[in-house]
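As a plain string of letters, each chain reads:
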Amino acid sequence: MSQKYPLYADRPEQLRSRGVSWRSSRLVLAGRAAVPLEGEWLEAFWCDECEATTWYYVRRTGDRAYAIAPAPRELWQQVHGVIHPNGNPSVGEFTRKQARCGSKLKNFGAVR
C-alpha cells in the first residue's frame, strides 16, 4: 500500500541488538548522527477483511524471505519521513483537541 520507510540507528544499543559489537557500534556512530539499517523498514498494508491500514515492521531474512510483525512503538523514533500513527508525540493533548474541533471564530478582523 505504501512505500518502504527505512530504519536508522542513532544509539549503540540499537546496533548491538542486531549483532554488532560494542566497540564497533560506538565507532560507527561516532562520526555520524545515524546509520541506515539494511534490510529493515516500516510499511503500511491494507487489510480487505477489516478495511484498515496497519503498519508492520519488515525485516529481510533471506534472498526472498521476510519476517513481518506489527510495528512496535519504539521503532517510530528510528524512521525518517513517516507520519506517526498517533499524531506528533511532541504535541500536547490540549492542542490536539483544539485542532480536531476546528475554529469557531468567524470574524477574522477581530484577531490582532
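Placed above this text is the structure.
Before going into details, it helps to say that this report is about the structure given with it. Small disclaimer: the values here were computed from a predicted structure and weren't measured.

1. Focus: the overall build of the chain
Then step 1. The helix and strand inventory of the chain stands at 3 helices and 4 strands.
Then step 2. Traced from its N-terminal end to its C-terminal end, the chain shows the element sequence β-α-α-β-β-β-α.
Then step 3. Within the span of the chain, comprising 112 residues, buried residues form 21% of the whole.
Then step 4. Total accessible area on the chain stands at roughly 8,700 Å², and carbon and sulfur atoms take up 52% of it.

2. Focus on the pairing of strand 3 (residues 52-60)
Then step 1. Pairing between strand 2 (residues 35-47) and strand 3: 8 bridges, direction antiparallel. For Trp46, the partnering residue across the bridge sits in strand 3 and is Thr53.
Then step 2. Hairpin connection from strand 2 to strand 3: 4 residues lie between these consecutive antiparallel strands, with Glu51 at a positive phi of about 50°.
Then step 3. Here strand 3 pairs with strand 4 (residues 66-70) via 5 bridges, running antiparallel.

3. Digging into the sheet that holds strand 3
Then step 1. Pairing in this open sheet of 4 strands is antiparallel, and the strands run 1-2-3-4 from one edge to the other. The sheet is open, and its two edges are formed by strand 1 (5-9) and strand 4, each paired on a single side. Each strand of the sheet is rotated relative to its neighbour by a mean of 35°, with strand direction disregarded.

4. Quick word on the nonpolar core
Then step 1. Counting residues in hydrophobic clusters, the biggest one holds 13 residues, and the most contacted among them are Leu7, Leu15 and Leu42.
Then step 2. Among the elements of the structure, strand 1 and strand 2 are those that each provide at least two residues to this core.
Then step 3. Leave out the neighbours within four places in its chain, and Leu7 touches Val35, Pro36, Leu37, Glu40, Trp41, Leu42, Tyr57, Leu75, Gln78 and Val79.

5. Here we look at the pattern of salt bridges
Then step 1. According to the stated counting rule, one finds 3 salt bridges in the structure shown.
Then step 2. Between Asp10 and Arg11 there is a salt bridge, with the nearest N and O atoms lying 3.9 Å from each other.
Then step 3. Close ionic contact of Glu13 with Arg11 constitutes a salt bridge, the shortest N to O distance being 3.5 Å.
Then step 4. Linked through salt bridges whose partners overlap, the residues forming this network are Asp10, Arg11 and Glu13.

6. Quick notes on unusual backbone geometry
Then step 1. Of note in the backbone geometry, Glu51 takes a positive phi value of approximately 50° without being a glycine.
Then step 2. Tracing the backbone through its elements, the reader meets Glu51 in the loop between strand 2 and strand 3.

7. Notes on the pairing of strand 2
Then step 1. Sheet topology note: the strand 1/strand 2 ladder contains 4 bridges and is antiparallel. Considered in strand 2, the bridge of Tyr5 is made with Leu42.

Thresholds applied
- Just so you know, the residues in each chain are numbered from 1, in the order the chain's sequence is written.
- Side-chain atom pairs in this predicted model are given and counted only at pLDDT of 80 or more, local residue features only at pLDDT of at least 70, and totals for whole chains, interfaces and linings cover all residues.
- Neither water nor hydrogens contribute to the side-chain values; these are computed over all heavy atoms in the structure.
- For helices the rule is a DSSP run of H or I covering at least 4 residues; for strands it is a run of E covering at least 2, with both sets numbered from the N terminus onward.
- Exposure is judged per residue with a 1.4 Å probe applied to protein chains only, and the accessible area is read against the type maximum: over 50% gives exposed, under 20% gives buried, and values in between give partly exposed.
- Per-residue accessibility takes into account occlusion by the displayed protein chains alone, with areas from the Shrake-Rupley method and a 1.4 Å probe.
- DSSP bridges decide pairing: two strands pair if at least two such bridges lie between them.
- Angular values range over 0 to 180 degrees, each being the angle between N-to-C directions of two axes fitted as lines to C-alpha atoms, with helices fitted over their stretch in contact.
- To define a nonpolar core, start from buried Ala, Val, Leu, Ile, Met, Phe, Trp, Tyr and Cys residues and group those joined through side-chain atoms within 4.5 Å.
- Only heavy atoms matter for contacts: two residues are in contact if any of them lie within 4.5 Å across the pair.
- Definition used for salt bridges: Asp or Glu carboxyl oxygen within 4 Å of a side-chain nitrogen of Lys or Arg.

By themselves, these observations are geometric and do not establish any function.
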